[in-house]
Amino acid sequence: MNLNLFNDVPDGLTQRARSFVRAHGVKVDVMHVEEHRQWWLDRDIPAAVIDRMVTYRERWGGLVLPPASQYDGGPRYLEADSPEGSASEGWSFEAGVQRTAVPYSFMIGPSGEFGIHGGQWVPLHATVEGWVESLALTHHASMWARQIVKVTGDDVDGIVLDGFEPVREVMGLADTWWRGADSLVAVHTGMAEALSFPRGRTALIYAGLDEWGLRGGVEDSAD
């Protein structure tokens with residue numbers, strides 16, 4: 001176990017997310033994917049898929065972060081396991097074990113997306129980095145907001161995002177973040193889509209933020 005990640009944070013994250021991982025993350029020991037390579041090859045898992053799992057394990061394996069606000073906290077820790085798929089549909093693998101008995105798995109998709117698979121596959125963020133950025137932003141916004149409002153189900157449709165801009169670093173797909181003049185809005189639709197349960201949509205509005213609260217020192221990169 002590594003309790004000090006000051007010099008062991010994956011690159012490609014914003015300074016806000018790096019600080020979050022350093023302050024609140026630890027790394028635990030997880031299985032080495034290579035130990036199971038032949039077992040998976042014998043079951044017709046392509047070598048390229050196993051190579052992706054190795055890369056994921058080397059970069060993210062064992063990382064434990066504070067619970068997410070949704071999805072019953074997200075994975076307990078990040079670990080590559082249980083590849084599944086086909087040549088036509090693409091191959092995914094498990095991103096980490098669930099914290100609780102939820103009706104879906106956390107998966108890494110065919111193109112590196114971080115998402116969940118229940119009744120169907122739903123990518124939440126375009127990359128694992130996006131998931132980590134979202135966790136970091138949740139922590140930051142919760143610390144600085146003067147008020148947090150939770151909106152669920154059909155009421156999510158009533159949130160007006162005119163004048164808001166997407167928060168790019170979270171690379172949102174089913175789950176997105178939006179920045180306004182003095183508030184951040186996180187819209188979570190992944191569970192609703194995966195389980196065909198529209199009432200499962202949730203939005204969190206972090207209001208009363210100053211410039212630091214809105215960005216945490218992170219500026220949008222140029223297109």
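Just above sits the structure.
One structure accompanies this document, and this report is about it.

Before going further, it helps to examine the sheet that holds strand β6 (residues 114-117). Consider a sheet: its strands pair through backbone hydrogen bonds, and that pairing is either parallel or antiparallel. Taken in spatial order, the 5 strands line up as β3-β4-β5-β6-β7 in an open sheet, and their pairing is antiparallel. The sheet is open, and its two borders are formed by β3 (81-86) and β7 (121-125), each paired with just one other strand. Shown here is a sheet whose adjacent strand axes are inclined to one another by a mean of 35°, direction ignored. The sheet contact formed by strand β4 (residues 90-96) and strand β5 (residues 105-108) spans 3 bridges and is antiparallel. Residue pairing across strands places Phe93 opposite Ile108, the latter belonging to β5. Strands in contact with helix α3 (residues 47-60) are β3, β4 and β5; relative to β4, the strand with the most contacts, it is inclined by about 25°. The strands touched by helix α4 (residues 128-144) within the sheet are β5, β6 and β7, with β7 carrying the most contacts at an inclination of about 60°.

Another aspect to go through is the packing of aromatic side chains. Within the structure shown, the criterion is met by 6 aromatic pairs. Plain terms: the ring middles of Phe114 and Trp131 are 4.5 Å apart, the flat faces sit at 20° to each other, and that makes the pair stacked. Of this pair, Phe114 sits in strand β6 while Trp131 sits in helix α4, and the two are 17 residues apart along the sequence. For the pair Phe114 and Trp131, one class covers both residues: buried. Within the aromatic cluster, the residues linked to one another by ring pairs are Tyr71, Tyr104, Phe106, Phe114 and Trp131.

This next bit is on empty space enclosed by the protein. A full pass over the atoms with the stated rule returns 2 cavities of 30 Å³ or more. Computed from the structure, the largest cavity encloses a volume of approximately 80 Å³. Taken together, 14 residues form the lining of the largest cavity, with Leu65, Pro75, Leu78, Trp131 and Leu135 sitting closest to its centre. For the lining of the largest cavity, the secondary-structure elements that each account for two or more residues are β2 (63-64) and α4. Ranked by residues supplied to the lining of the largest cavity, first place goes to α4 with 3 residues. Across the lining of the largest cavity, the residue classes break down as 10 nonpolar, 2 polar and 2 charged. One number sums up the size of the second largest cavity: a volume of about 60 Å³. If you go around the second largest cavity, the residues you meet are Ala68, Ser69, Gln70, Tyr71, His125, Trp131, Ser134, Leu135, Thr138, Asp175 and His188. For the lining of the second largest cavity, the element with the most residues is α4, which contributes 4 residues.

Attention now goes to the side chain of Glu133. Structurally, Glu133 can be placed in helix α4. Buried charge Glu133 goes without a salt bridge, the closest partner of opposite sign being Arg16 at 4.0 Å. Of the polar contacts made by the side chain of Glu133, one reaches the backbone nitrogen of Thr14; its length is 2.7 Å. With near-sequence residues (within four places) excluded, Glu133 lies in contact with Leu13, Thr14, Arg16, Ala17, Glu169 and Val170.

Cut-offs applied
- Residues numbered from 1 in each chain as written.
- Predicted model: local features only at pLDDT ≥ 70, side-chain atom pairs only at ≥ 80, totals over all residues.
- Heavy atoms only, no water.
- Pairing = 2+ DSSP bridges.
- Helix = DSSP H or I, 4+ residues; strand = E, 2+ residues; numbered from the N terminus.
- Axes fitted to C-alpha atoms, helices over the stretch in contact; angles between N-to-C directions.
- Contact = heavy atoms within 4.5 Å.
- Phe/Tyr/Trp six-rings, centres within 6.5 Å; stacked < 30°, edge-to-face > 60°.
- Buried < 20%, exposed > 50% of the residue type's maximum accessible area, 1.4 Å probe, protein only.
- 1 Å grid on protein atoms, 1.4 Å probe; cavity = no way out; pocket = protein on both sides within 12 Å on 5 of 7 lines; lining within 4 Å.
- Points joined across faces, edges and corners; volume = space filled by probe spheres on them.
- Nonpolar A, V, L, I, M, F, W, Y, C, P; charged D, E, K, R; others polar.
- Lys, Arg positive; Asp, Glu negative; His and termini not counted.
- Salt bridge = Lys/Arg side-chain N within 4 Å of Asp/Glu carboxyl O.
- Polar contact = N/O pair within 3.5 Å; in protein donor to acceptor, adjacent residues only side chain to side chain.

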